[in-house]
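Working through the structure, step by step
The residues making up each chain are set out below.
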Amino acid sequence: MSATATPDAVPEPPAREEARARRLLRGLVRPAAAALSGAVLYLSFPPRPLWWLALPAFALLGWTLHGRRLRAGFGLGLLAGLGFLLPLLVWTGEEVGPGPWLALVAAESLFVAAAGLGIAAVTRLPAWPLFAAAVWVLGEAARARVPFGGFPWGKLAFGQADGVFLPLAAVGGTPVLGFAVALSGFGLYEALRVVRARRAHGAEPSGTRLRGRAAVAAFCVLTPLLGAFAARPLVSTAAQDGTATVAAVQGNVPRLGLDFNAQRRAVLDNHARRTEQLAADVRAGRVEKPDFVLWPENSSDLDPYRNPDAREVIDRAVRAVGVPTVVGAVLTPETGHLRNTLVQWEPGRGPVATYDKRHVQPFGEYIPLRSLVRIFNKDVDRVSRDFGPGSEVGVFDLAGTRVGLATCYEAAFDWAVRDTVVHGARLIAVPSNNATFGRSEMTYQQLAMDRVRAVEHSRTVVVPVTSGVSAIILPDGRIAQRTELFTPDALVAEVPLRSSLTPATRMGVLPEAALAALALGGLAWAAAAGVRARRGPATAPADGTRSGAATAPADGTSSATATATATACVQSADGHSAAVSPATGSSAAASPAASGAADRPSAPPDPEAASAGYSRRHGNS
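From a predicted model like this one, the values you see are computed outputs, not experimental measurements. (Residues numbered from 1 in each chain as written. Predicted model: local features only at pLDDT ≥ 70, side-chain atom pairs only at ≥ 80, totals over all residues. Heavy atoms only, no water.)

1. Description of the pairing of strand S6 (residues 395-398)
Across four bridges, the pairing between S6 and strand S7 (residues 401-405) is antiparallel. Note that in S7 the partner of Leu398 across the bridge is Thr401. (Pairing = 2+ DSSP bridges. Helix = DSSP H or I, 4+ residues; strand = E, 2+ residues; numbered from the N terminus.)

Set out below in structure tokens:
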């Protein structure tokens, strides 16, 4: 019996190991860039006035996703979502630990991942930045609606309260504002691609395709800026229906965190006391007498309809100031859900009207899937009884001024604020309670939303908050007055009342629907192009060559060379050819995006690139 000797394993040459290491590093570049793009987008949000960082964030996201396969687009989009939402929403774990924060971020990042998949698909189309920006808006629209009514916090528009694009909110609301920012960022990346292409071609004429790409890049960068400039006349602080003097009371809370709910009487007393001090200041002539007063959400967590002591405290403060006052209260009926209610309280008459919050906060004011969630977080039972939603739009007539009401979290939803203006509001109030979130960035993020809403609907927005930051915002988005965090205070200002409707208010959801249709159209086009590419040529060429055979170009170049040219045109992620020139037989430089084509599966082709490759195969100009 013979034995076969097994040779010792031969170690790989150092050059091969180095090449493998380089491939590994190249493979990490795009994932790192995706996460970085999300982090840069986060830095563009308040309290930082760095709104312009959204543009390089989307340019970097465009580079990350351009030409990627769908699966890669999903993964890269997920990393971008995590890079953005992990720091943006960290305040959600302020008092309940990291579990709810991480779960929320993971769920919301899936929407960004889906948008990344869609953006990767449409980057193969002509004028891809238009479709890519629309896909981003489509992702935000979905995130604002599902699950449990949606969570639109972190919409791109909410980071633009200090930006040059803000007037576009009056044109088409947050969808158009967000679309403009994303379009400009993607357009910047396309402009960089055009510059790289011109340098790669040197002095050679680049043809109509490159000129077309340059025009697309210029359009995408400049049109949002020009549109924002053209929309400036829609932004005005003129008093169309006179003025009103409004007061916003910030009573403060005894302690930070969730335990403030255990000190309900102290919170009520703080707001009553600060209102009585305001009345004393009015009598002394230190401040102008307001036409009405706004208290925050949860300023009385004692039900004034069932608690005589709470009713007396509120009534005494309202009589002292002598004007209608809106009180944020928690109503506790014998049966059924709790109600987060704003009560119109008239001096000498008591409560005369109520508004029940229509969009109650999941996992904050009610617990979906309570038994399941309890397995992961015992804090769900802090909400021992769920709140229920109201059904009526909130508009109070306060001393002759129609005031629209959106309670705290509702300000994030386009429909909740618009409804009040459509129903005749001349001024918008957003009573809020941010004490649970301490000194985090949450209150500044919400204040930026309110500023965008002011421009979107051309209304003064008054934001009374239990612990701050309270503010009075003019219809052009500027903050007229504001308080500091965790200090008792009262703001008093004469503000303009307006009745005209902006295009955004008139059109409502139509701009968002149009952008969603654009996104879906682009996705369908990309899908159809991918199907055609997989099927190959359906008919024989005009010269009689059988289908699928390589046709020799008129200059005598070998069919293998022509096939290589077409393949390179199809596989290159940035649209450059890395093929042998049929005219000279020399090798053209490979583009950076195509240099690793051998290390990754080929993506469905760019329709323009495939068309150009077909023309070169058959000798067409």
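2. Considering the sheet that holds strand S8 (residues 427-429)
The strand order across the open sheet built from six strands is S6-S7-S8-S9-S10-S11, with neighbouring strands paired in mixed fashion. Bordering the open sheet on either side are S6 and strand S11 (479-482), each of which pairs with just one other strand. On average, each strand axis in the sheet is tilted by 20 degrees relative to the strand beside it, whichever way the strands run. Of the pairings in the sheet, the one linking strand S10 (residues 471-473) to S11 comprises three bridges and is antiparallel in character. The partner of Ile472 across the bridge, within S11, is Gln481. This element, helix H11 (residues 414-422), spans S6, S7 and S8 of the sheet and lies at about 140 degrees to S8. (Axes fitted to C-alpha atoms, helices over the stretch in contact; angles between N-to-C directions. Contact = heavy atoms within 4.5 Å.)

3. A short note on the environment of Gly178
You can see Gly178 is positioned in helix H6 (residues 169-201). Excluding residues that lie within four positions of it along the chain, Gly178 makes contacts with Val137, Leu156 and Ala157.

4. Notes on the sheet that holds strand S2 (residues 292-294)
Overall, mixed pairing links the six strands, which are arranged S5-S4-S3-S2-S1-S12 in an open sheet. The outermost strands of the open sheet, each flanked by one partner alone, are strand S5 (350-356) and strand S12 (489-496). Averaged over all adjacent pairs, the angle separating strand axes in this sheet is 30 degrees, with direction ignored. Pairing between strand S1 (residues 243-250) and S2: three bridges, direction parallel. Note that in S2 the partner of Val246 across the bridge is Phe292. Strands in contact with helix H8 (residues 264-283) are S1, S2 and S12; relative to S1, the strand with the most contacts, it is inclined by about 140 degrees. Together, S2, strand S3 (325-331), strand S4 (339-346) and S5 form the strand contacts of helix H9 (residues 308-321), whose direction differs from that of S4 by roughly 40 degrees.

5. Here's the deal with the nonpolar core
Grouped together as the largest cluster of nonpolar side chains are 72 residues, with contacts concentrated most on Leu41, Leu89, Trp136 and Phe186. The element contributing the most residues to this core is H6, with eleven residues. With residues near it in sequence (within four places) discarded, Leu41 still touches Ala54, Ala57, Phe58, Phe84, Trp136 and Leu156. Ranked by size, the runner-up nonpolar core spans 23 residues in total, among them Ala247, Val249, Trp295 and Val323. (Core = buried A, V, L, I, M, F, W, Y, C linked by side-chain atoms within 4.5 Å. Buried < 20%, exposed > 50% of the residue type's maximum accessible area, 1.4 Å probe, protein only.)

6. A short note on unusual backbone geometry
Between Pro46 and the following residue, Pro47, the backbone shows a cis peptide bond with an omega angle of 10 degrees. Residue placement: Pro47 occurs in the loop between helix H1 (14-43) and helix H2 (54-65). A cis amide bond, omega 0 degrees, links Gly468 with the succeeding residue Val469. Its location among the elements puts Val469 in the loop between strand S9 (460-463) and S10. Not every positive phi belongs to a glycine, and Phe148 is a case in point at roughly 55 degrees. Here Phe148 is to be found in the loop between helix H5 (128-143) and H6. Taking the relative accessible area as the measure of exposure, Phe148 reaches 35% and is therefore partly exposed. In this model, Ala399 sits at a positive phi of 55 degrees, which is unusual for a non-glycine residue. Inspection of the secondary structure puts Ala399 in the loop between S6 and S7. We classify Ala399 as exposed; its relative accessible area is 53%.

7. As for a nonpolar patch on the surface
Among the surface-exposed residues, Phe148, Phe363, Leu369, Leu372, Ile375 and Phe376 lie close enough to one another that they form a single nonpolar patch of about 670 Å² accessible area. With respect to the helices and strands, the residue Ile375 is situated in helix H10 (residues 370-376). (Patch = residues over 30% accessible without salt bridge, like charges linked within 9 Å, V, L, I, M, F, W, Y side chains within 5 Å. Areas by Shrake-Rupley, 256 points an atom, 1.4 Å probe, with all protein chains shown as cover. Salt bridge = Lys/Arg side-chain N within 4 Å of Asp/Glu carboxyl O.)

8. Quick word on helix H3 (residues 70-88)
Helical geometry: 3.6 residues make up each α-helical turn, so side chains three or four residues apart lie on a common side. Between its terminal C-alpha atoms H3 stretches 26 Å, which fits the 27 Å expected from 19 residues at 1.5 Å a residue. Listed as buried for H3 are Gly73, Leu76, Gly77, Ala80, Gly81, Gly83, Phe84, Leu85 and Leu88. (Expected span 1.5 Å × (residues − 1).)

9. Topic: the environment of Phe376
Tracing the backbone through its elements, the reader meets Phe376 in helix H10. Distance in space between the C-alpha atoms of Phe376 and Gly99 is 7.8 Å, their sequence separation being 277 residues.

10. Topic: the pairing of S4
S4 sits mainly inside the fold: seven of its eight residues count as buried. By the bridge criterion, seven bridges tie S3 to S4 in an arrangement that is antiparallel. Bridging from a neighbouring strand, Val330 pairs with Asn340 of S4. In the sheet, S4 pairs with S5 via six bridges, with the strands oriented antiparallel. What sits directly across from Trp345, in S5, is Pro351.

11. Remarks on the packing of H6 against helix H12 (residues 442-457)
The interhelical angle for the contact between H6 and H12, taken along N-to-C directions, is 140 degrees, at an axis separation of 8 Å. Between H6 and H12, the angle falls in the class oblique. In contact with Ala169, Ala170, Gly173, Thr174 and Leu177 of H6, H12 contributes Val452, Arg453, Val455 and Glu456. Looking at the contact of H6 with H12 residue by residue, the classes come out as five nonpolar, two polar and two charged. (Parallel < 35°, antiparallel > 145°, perpendicular 65-115°, else oblique. Nonpolar A, V, L, I, M, F, W, Y, C, P; charged D, E, K, R; others polar.)

12. A few points about the packing of aromatic side chains
Per the stated rule, a full pass over the model turns up 14 aromatic pairs. A centroid spacing of 5.5 Å and a plane angle of 85 degrees characterise the contact between Phe58 and Phe186, whose relative ring orientation is edge-to-face. In this pair, Phe58 is assigned in helix H2 and Phe186 in helix H6, connecting sequence segments 128 residues apart. For the pair Phe58 and Phe186, a shared accessibility class is recorded, and that class is buried. Ring plane angle 80 degrees and centroid distance 4.9 Å describe the contact between Trp91 and Phe437, whose orientation is recorded as edge-to-face. Taken together, the positions of Trp91 in the loop between H3 and helix H4 (98-122) and Phe437 in the loop between S8 and H12 put the pair 346 residues apart, joining distant regions of the chain. A relative accessible area of 15% means that Phe437 is categorised as buried. (Phe/Tyr/Trp six-rings, centres within 6.5 Å; stacked < 30°, edge-to-face > 60°.)

13. A look at the confidence of the model for the protein
Averaged over all residues, the pLDDT of the protein is 86; the fraction at 70 or higher stands at 82%. In the predicted structure, residues 539-621 sits below a pLDDT of 50 and forms 104 contacts with residues beyond four places in sequence or in another chain. (pLDDT = per-residue confidence, 0-100.)

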